[in-house]
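# Examination of the molecular architecture
Listed here are the chains, written in short residue letters.
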Number of protein chains: 2
Amino acid sequence: MTSGDTSHPSPATEPVGFETHDHAGCIASALAAADAHCQREGLRFTPVRRQALEILLQEHRAIGAYEMLDRLRDAGFGSQPPVAYRALEFLVAHGFAHKIERLNAFIACAHPGAEHSPAFMICRLCQSVAEAQSTPSRGALGDAARAAGFQIERTVVEAEGLCPSCAEKADA
Amino acid sequence: MTSGDTSHPSPATEPVGFETHDHAGCIASALAAADAHCQREGLRFTPVRRQALEILLQEHRAIGAYEMLDRLRDAGFGSQPPVAYRALEFLVAHGFAHKIERLNAFIACAHPGAEHSPAFMICRLCQSVAEAQSTPSRGALGDAARAAGFQIERTVVEAEGLCPSCAEKADA
DNA sequence: AACTCCATGTGATTTTATAACGTTACGCGT
DNA sequence: ACGCGTAACGTTATAAAATCACATGGAGTT
């Protein structure tokens, strides 16, 4: 991930995962948005929770609960698993982060604030993760659910494969 | 693809999971199919592997590795985790079973033999699981992947919600 | 101040998964 | 049939992921 760019032409509508972008800016704005959202909703955006989100945003990749725990401990918070799990649970519950089931890991939401069913593209070589949108009600799964009378409440959509840059290397 | 699989637009409308069916028959035929497939491919369908598949077929629901281990031990096989994990790994690798990431559990494939990208509907109340087809290349995810230059190799598609019968109970 | 609610911190445990290693069984060429 | 190489099996041990249970403490309310 290069870190030279400062201009971010279009906000949060595309696959924000395999491209370079304004890191400091996205962290700051995401934290601000989370702040505002919690204010509005009467949620307590406590120090651990804020720190956890900041860690996810800084990494900009999926990190496991125990890696998060290490970071939180380094930042002066508790050192037992529930510390990390509770912070992550909060972030996920309110849409600030997502769990990548396939990796047992967590990543900051790339489309904060928006109601959405996320879909992820996971590179099996470099482990990078990009978030896109899925449309559960459309497509084969939606058809099957309607046909079966199944009420979808939540979806996990994760694609594993090669990101552009790893695919290029693999070709060579 | 199988010989019988036509490429019509909506292959996903046989939800084989929330309906009653000929249990003994489906077990026998699935085992026979697996036998044949292994024969053809030169795979070793050993006793543990066969027993593991039979267990999955009998249950007809997602079961965890340690539950599988219990059953295998009861059947006279080894009693340590790798026994179960290896059998399951074989079954998954060759398409006889799938892992439900959301549940950390495994289920027999409902469309044995066919090349497919499975999608699952998981009832959050009764834990039943139905398998349908997904069409990774179509839909929002496929679009996003193409746009990003991501090469999809495998997809995890899992919907969580209410199965028909639990939805009915919940309504009442 | 007393109360309640929720968040935090900690120790302990459960559940899920893999590493490492020796032994056995099979597949195959001779 | 014999020996060879590989894959499968079994076991011990350990790692990784997640949860339980309980005590403490702070923010807001009454």
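Computed from a prediction, not measured in an experiment: that's the story for all the values here.

### Thoughts on the protein's contact with DNA strand C
Around DNA strand C, the surrounding shell holds 17 residues, and the nearest of these are Thr46, Val48 and Arg86 of chain A together with Tyr66 and Lys99 of chain B. A share of 51% is what sugar and phosphate atoms reach among the atoms of DNA strand C within 4 Å of the protein. A distance of 2.5 Å is found between a phosphate oxygen of DNA strand C and a side-chain nitrogen or oxygen belonging to threonine 46 of chain A. Residue arginine 49 of chain A places a side-chain N or O atom 3.1 Å away from a sugar or linking oxygen belonging to DNA strand C. When residues of the surface near DNA strand C are traced back to their parent elements, those giving at least two are helix 2 (47-59) and helix 4 (81-93) of chain A together with helix 4 (81-93) of chain B. Of the residues that constitute the surface near DNA strand C, the class distribution is 7 nonpolar, 5 polar and 5 charged.

### What to know about the pattern of salt bridges
A full pass over the atoms with the stated rule returns 20 salt bridges over all chains. The salt bridge partner of arginine 154 of chain B is glutamate 160 of chain A, with a shortest N-O separation of 3.7 Å. Residue arginine 154 of chain B is located in strand 5 (residues 151-162), and its partner glutamate 160 of chain A is located in strand 5 (residues 151-162); the two belong to separate chains. Classification of arginine 154 of chain B as partly exposed rests on a relative accessible area of 32%. For glutamate 160 of chain A, a relative accessible area of 18% corresponds to the buried category. With a closest N to O distance of 2.0 Å, glutamate 59 of chain B and arginine 71 of chain B form a salt bridge. One end of the pair, glutamate 59 of chain B, is in helix 2 (residues 47-59); the other, arginine 71 of chain B, is in helix 3 (residues 65-74), with 12 residues separating them in the sequence. Classification of glutamate 59 of chain B by relative accessible area gives partly exposed; the value is 22%.

### Notes on the nonpolar core
Grouped burial of nonpolar side chains is what soluble globular proteins tend to show. Core analysis: the largest hydrophobic core is formed by 34 residues, its most contacted members being Phe18, Met121 and Phe150 of chain A together with Phe18, Met121 and Phe150 of chain B. Ignoring any residue separated from it by four or fewer positions in sequence, one finds phenylalanine 18 of chain B in contact with Ala148 and Phe150 of chain A together with Met121, Ser128, Val129, Ala130, Cys163 and Pro164 of chain B. In terms of nonpolar packing, the next biggest core, distinct from the first, is built from 26 residues, Ile27, Cys38, Ala84 and Leu91 of chain A among them.

### Points about the relation of the copies chain A and chain B
It takes a turn of 180 degrees to lay chain A on chain B, together with a shift of 0.0 Å along the axis; the resulting RMSD is 0.1 Å. The superposition of one copy onto the other is thereby described by a two-fold rotation axis. Scanning chain A for the C-alpha nearest the rotation axis identifies valine 157 of chain A, at a separation of 2.3 Å. An overlap of 95% is found between the interface residues of chain A and their copies at the interface of chain B, pointing to a shared contact surface.

### A look at the protein's contact with DNA strand D
The environment of DNA strand D is formed by 16 residues, the closest being Tyr66 and Lys99 of chain A together with Thr46, Gln80 and Arg86 of chain B. Of all atoms in DNA strand D that approach within 4 Å of the protein, 50% are sugar or phosphate atoms. Side-chain polar atom of tyrosine 85 of chain A to a phosphate oxygen of DNA strand D: 3.0 Å apart, as the coordinates give it. A distance of 3.2 Å separates a sugar or linking oxygen of DNA strand D from a polar side-chain atom of arginine 49 of chain B. Listed by contribution, the elements that provide at least two residues to the surface near DNA strand D are helix 4 of chain A together with helix 2 and helix 4 of chain B. For the surface near DNA strand D, the residue count by class is 7 nonpolar, 5 polar and 4 charged.

### As for helix 3 (residues 65-74) of chain A
Residues and elements named next belong to chain A. The complete set of buried residues in helix 3 reads Ala65, Met68, Leu69 and Leu72. Buried residues of helix 3, seen end-on, are gathered within an arc of 105 degrees and therefore sit on one face of the element. With respect to the buried face of helix 3, the exposed residues turned more than 90 degrees away are Tyr66 and Asp74. Against the buried residues of helix 3 lie helix 2, helix 4 and strand 2 (105-108).

The rules behind these values
Residues numbered from 1 in each chain as written. Chains lettered and ligands numbered in written order. Predicted model: local features only at pLDDT ≥ 70, side-chain atom pairs only at ≥ 80, totals over all residues. Heavy atoms only, no water. Near = heavy atom within 4 Å. Polar contact = N/O pair within 3.5 Å; in protein donor to acceptor, adjacent residues only side chain to side chain. Helix = DSSP H or I, 4+ residues; strand = E, 2+ residues; numbered from the N terminus. Nonpolar A, V, L, I, M, F, W, Y, C, P; charged D, E, K, R; others polar. Salt bridge = Lys/Arg side-chain N within 4 Å of Asp/Glu carboxyl O. Buried < 20%, exposed > 50% of the residue type's maximum accessible area, 1.4 Å probe, protein only. Core = buried A, V, L, I, M, F, W, Y, C linked by side-chain atoms within 4.5 Å. Contact = heavy atoms within 4.5 Å. Least-squares fit on C-alpha atoms with pLDDT ≥ 70 in both. Arc of directions from axis to C-beta.

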